[in-house]
Structures are given as structure tokens and as C-alpha cells.
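Residue-level listing of the chains:
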Amino acid sequence: TPAPTPSPTSMPSPSPTLAPTGVCETALPSTTVTRTLTITFQNPEYPGDNSFQLQEICGRLPLIDYGSQPSGSEEYTEELRASLSYKFEVFDVFGDGFDSFFDSFLELRLDGELIWRLEDFGEKAEFVFEVPE
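Before going into details, it helps to say that this report is about the structure given with it.

Rules and cut-offs
- Residues numbered from 1 in each chain as written.
- Predicted model: local features only at pLDDT ≥ 70, side-chain atom pairs only at ≥ 80, totals over all residues.
- Heavy atoms only, no water.
- Disulfide = S-S within 2.5 Å.
- Helix = DSSP H or I, 4+ residues; strand = E, 2+ residues; numbered from the N terminus.
- Pairing = 2+ DSSP bridges.
- Axes fitted to C-alpha atoms, helices over the stretch in contact; angles between N-to-C directions.

Before going further, it helps to examine the state of the cysteines. Each disulfide consists of a covalent bond between the sulfur atoms of two cysteine residues. A complete count under the given rule lists one disulfide for this structure. Residue pairing for C24: its cysteine sulfur links by disulfide to C58, the two sulfurs lying 1.8 Å apart. Between C24 and C58, the disulfide has an S-S torsion of -85 degrees and is therefore left-handed. Of this pair, C24 sits in the segment before β1 (34-42) while C58 sits in the loop between β2 (50-56) and β3 (64-68), and the two are 34 residues apart along the sequence.

Another point: the sheet that holds strand β7 (residues 113-118). Pairing in this open sheet of four strands is antiparallel, and the strands run β4-β1-β6-β7 from one edge to the other. In this open sheet, the two strands that pair with only one neighbour each are β4 (73-81) and β7. The average undirected angle you get between the axes of adjacent strands in this sheet is 15 degrees. Strand direction decides the pairing type here: β1 and β4, joined by nine bridges, are antiparallel. Paired with T40 across the two strands is E75, which belongs to β4.

Structure below.
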């Protein structure tokens, strides 16, 4: 059997992800860097059943409430501050989500890169992500 090493090897550093760090500080980071979030909503059959909102996870920025959707196809863009975590929530008033027979979906893209696609859910779905520097 091989002899043990005199000191343990270090753990590899984690690769960067969009997962939040879970740490909330009182002050906002000093960065002025922003990233563009594009929200694409498609529900041709029952758009008024769905609403969604976006909030900085530590509650230091105002909640953005998109309310009930006026039409079956909407696109929104938001400039999000980097180095912050956000929570995006989708709601369905009847608790039955999207109707998959009508190619219903919701997508989030950060600077054009797909970070979340929702095609089916019940009453509520949420996605938490961090905006990188």
C-alpha cells in the first residue's frame, strides 16, 4: 500500500457559477457594472393567469413587479447591478402553470446567454441567480 502524503492536498477551487453566495451585507457593492436581463414570456392561451416579479435577494433594491400579463407574448429588459443575487418568481393564479399544448414558456437571458427556461410549473416557480462582475 502506498504511504500517505505528509500533508493533505488542497481542494480545487470551485468554478464560477450563477449560484448566489448567500451572504447579505448591509451596503450595496460599490460596482457600477450592470448586466442586461431579458425576460421572454410566451403563453398564448391564458396570459392573464400568470404574473412574475424580480427582487434583489437581500431586499436592498426595490421589487420589480410585472403583474398579470396583458398579452400572450411579452419581452422585458432590466439592467441589473453586478455582484448581487436576485430571485425571479413566477405565479399562476389557478395553480396549473402553463399550458404545454400551446408552446408556453418563460426564459431569462443574462447578456444574451440563457440562464433559465421554464416550460411547466404549478402555482409558483422561482429561480435564484447571481449577476457576475
